[in-house]
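Fold and geometry: a report
The primary structure of each chain is shown beneath.
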Amino acid sequence: MKPRAIYKLAVVLTKSQLRGYQRSRLTSRIFGDPKIVLALDIALIAGLGALSHVVVSTILPDTVQRSVREIEVEALAGIPAALTFAVILFGVVAEISQSIQSMSTDLVNWLPISPIEYVSGSILSLSYTYSFMLSFFLGLALGPAILFGMVAVWLGAGFMAILSLLIGACVIEMLRAITNRITSSFYRKSGRSGIFARLLITIVVLVFIQLLFSGRIIVFLLQSVIQTAKAAWFVPAVWPSLAVLSVSQGSIAGLLLFGSLSIVFLLVLFGLAVNFRDRFWVPVPISVKLTAQAYRPLARHNLSPIMDTAELAIFRKDLRSLTRRREMARYLAIPFVVMASLGISLVPLSGSSLPEGPGFFATIPLYLIPIATICGIISMTSIGQEGYAVWQLYTAPLNARQLLKPKLLVTMLIGIGFTVGLAVVLGLFLKIVVDHFLVLFILGMAVVLEESALGLYFGARFPDFRETIRSRYVTIWGSLIGMLLGIVLTILTASPVLLSILVRPSATSQSAVIAFAIGLIVFSTSWKLAQRQAKRLLENIRI
Amino acid sequence: MIRALNGVSLSVNEGEVLGLLGPNGSGKSTLMKIVVGILKPDRGDVEVFGTSVAKNPQTVKRMVGFVPESPRLYEFLTGIEYLDFVADVHDLDPAAKHERITEFLRALDLEGRESELIHGYSQGMKQKLAIIAALLHRPKILVLDEPLNALDPRSARIVKDLIHKLRDDGIPTVFSTHVLEIADAICDRIVIMYEGKVLEEGTSEQLKSKAGSQGSTLEDVFLKLTGTSDVREIVEALSR
């Protein structure tokens, strides 16, 4: 084992991770340098420590200070478990969002690096990438720890948190190795159904993760974990937390026991990760056969009023892109995530009684903002998602309209599905009357139309065809301006209905018609602008 | 400001294979992208069979078959879905589409693999697919940027013979390569480019005679014209 090779590999992998997310020259330089990140981590601990010290000692009233003192030990003990959990979650999301093209490990495979060196380097790199979470938690806990004389417990929590970070990184490394090979065997055998299963699993995982991060569930989980941490002593993931609790209780035996067990657990996971890497060392390209049937082209379709042959070809390709590319599945998952999040926030966890529903006025933004966001995101990214393969559209005899129309229809298809789904969710939980339900639906359709076209304009104006670890498909500025304008236009479209609710509730239905007309005007203007922009885009290839 | 191309003026005749030779960064790919209408020149124009690329890019794109250097394909599609997509974008008749696709898949040894996702294809298979896609719509002119990259000898031979066959049918080809032997064997006329300019053009024989010494190869001409003839010193330095 060559420590220098491990260090160099860790640095390269870290830079690759960090630079894959950072685009501007300045941020790329700051976050692309591991030394600067380390300095920032230390500064974060010191800064947050000082801030929390000042806040707890001088700003908080005595009663709250006493409460902080009571929960400080539990908070410190919770840091290691929370870190492992967070690293695994972030790692899974990052894995899901990565395109297969950006996952090539060929370069590493050519180099004389052994599995143990690769895994060591990769684990160090992952721990380093997620070190900001460690700094954040430890920084927040530092101030109260100094104030209440718990510096020894804080140091113990810091050490165990580093172990937990490494434990989380080992799990991610194992998952990577498994997904590299085992899943490819699965796809090879199951073909089309394997791809569908992957899409479904990705959506379920993303919905699950999103729900875990919703405030109510986090509070619920934290309470449960802290209460049951001692009872769950046999679960290896809580051993580092139990070691911290032992420090706080002055139990040397407990510290030695759970500290040693944590280290052994880390070593076992490391051994497994190395073993997996060794077995699945060379990633084989997935050769998935989708059908055994002979090729038979479709007869000329009868969709000519809606789409011509070229447009239908792009429409089908884009739908396949959404369902078959794992980095695109996150966009398909967003509607489900939003519906599940809204559903969970409207239903109490205890299940005792439904909360009082918001008024119709408040329901409108609750309904329209997610629709606007989803249609905006999908249409804005629809051009950039072509990636480096976009040259095929440039060289094809397509005009701007033929390029944009299928992308508009794909967005509208998903948007309309979501509009109906969300209306049903809100209708069920908020007991909306039929008249209001219709008004909501009309508004939803107007927003789908306008946001789909507006998103296309920004997608064509600010496309980002680069394929990186986590491709954005639209530039940061483009997405920011686009989303902001999208929200403003959504509010503008809904304004006749909102005003009518406040001033003249009996005319709400009529005002919905005016709102729809506004939506049509925005749609028509955006559509024209998008076509003009796409024409310019097609003149000069940007890859 | 660096000019990718500077004062380039060329013509390709019907039934002619024009080879573009030049070191990396000499402007070959840029020139080809301008010819196929996916890059707009600051000045000047390209005409394909009398049609201005700048004024009628779509008409030109219908006439051109293009293979870029290291083509990136839609890897989430199967080979057959990809070819079907390209044929539809060119609005081919379903019967003609079926016939052309089946014929090409067989000729380039992709039969039996067409229902697999492109992601699992080797580089050579992807290159073959890109070549088929360029030929599907019976283009009137071919623009091929390093088309023989990664091809196995049999497929390379098929593509070379195909270019000759198309030449005999009157279809011109603009062809770039780094492999001088290929240029020598395939091209009727060769253009040597360097730093965005045309240094020399002519038949292989004409260029060789310009090298000055008897028995000169195309490589000698190329190295002499592009000023990279000091290779011996470099090799010696590397082997130390």
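In this text the structure is predicted, and so the values were computed from the model without any measurement.

Residues and elements named next belong to chain A. When the pLDDT values of chain A are averaged, the result is 83; 82% of them are 70 or greater. The spread of mean pLDDT over the elements of chain A runs between helix α9 (residues 215–228), the lowest at 58, and helix α19 (residues 508–539), the highest at 95. Ignoring residues within four places in sequence, the model shows residues 349–357, a span with pLDDT below 50, making eight contacts including any to other chains.

Moving on to the interface of chain A and chain B. At the interface, 35 residues of chain A touch 35 residues of chain B. Among the elements of the structure, α12 (309–324) and α15 (391–395) of chain A are those that each provide at least two residues to the side of chain A that touches chain B. For the side of chain A that touches chain B, the element with the highest residue contribution is α12 of chain A, accounting for eight residues. Residue classes in the side of chain A that touches chain B are distributed as 20 nonpolar, eight polar and seven charged.

A few words now on the environment of Ser29 of chain B. Residue and element names in this part refer to chain B. Summarising the element assignment, Ser29 is placed in helix α1 (residues 28–35). In this structure Ser29 comes out as partly exposed when scored by C-beta crowding, with 19 C-beta atoms within 10 Å. Remark: the alpha-carbon pair of Ser29 and Ala4, spanning 25 residues in sequence, is separated by 9.7 Å. Ser29 has contacts with Glu69 and Asp145, leaving out every residue within four places of it along the chain.

If you check the backbone angles, Tyr473 of chain A has positive phi at about 75° while not being a glycine. Residue classification places Tyr473 of chain A among the buried residues on the basis of 25 C-beta atoms within 10 Å. Residue Phe49 of chain B is not a glycine yet carries a positive backbone phi of 50°.

For the rest of this paragraph, the subject is helix α17 (residues 434–461) of chain A. Here α17 of chain A is 28 residues long and its end C-alpha atoms lie 40 Å apart, about the 40 Å a rise of 1.5 Å per residue gives. With respect to burial, α17 of chain A is a largely interior element, 21 of its 28 residues being buried.

Further remarks concern the nonpolar core. Ile371, Leu443 and Ala453 of chain A together with Tyr82, Leu83 and Val143 of chain B are the most contacted members of the largest nonpolar core, which has 141 residues in total. In terms of residues, this core owes the most to one element, α17 of chain A, which gives 13 residues. Apart from the residues lying within four places of it in its own chain, the contact partners of Ile371 of chain A are Gly415, Phe418, Thr419, Leu422, Gly444, Val447 and Val448 of chain A. Within the second largest apolar cluster, 58 residues are counted, among which are Ile123, Phe137, Val153 and Trp239 of chain A.

Conventions we followed
- Residues numbered from 1 in each chain as written.
- Chains lettered and ligands numbered in written order.
- Predicted model: local features only at pLDDT ≥ 70, side-chain atom pairs only at ≥ 80, totals over all residues.
- pLDDT = per-residue confidence, 0-100.
- Helix = DSSP H or I, 4+ residues; strand = E, 2+ residues; numbered from the N terminus.
- Contact = placed C-beta atoms within 7 Å.
- Nonpolar A, V, L, I, M, F, W, Y, C, P; charged D, E, K, R; others polar.
- Buried ≥ 20, exposed ≤ 12 C-beta atoms within 10 Å, placed from the backbone.
- Expected span 1.5 Å × (residues − 1).
- Core = buried A, V, L, I, M, F, W, Y, C linked by C-beta atoms within 7 Å.

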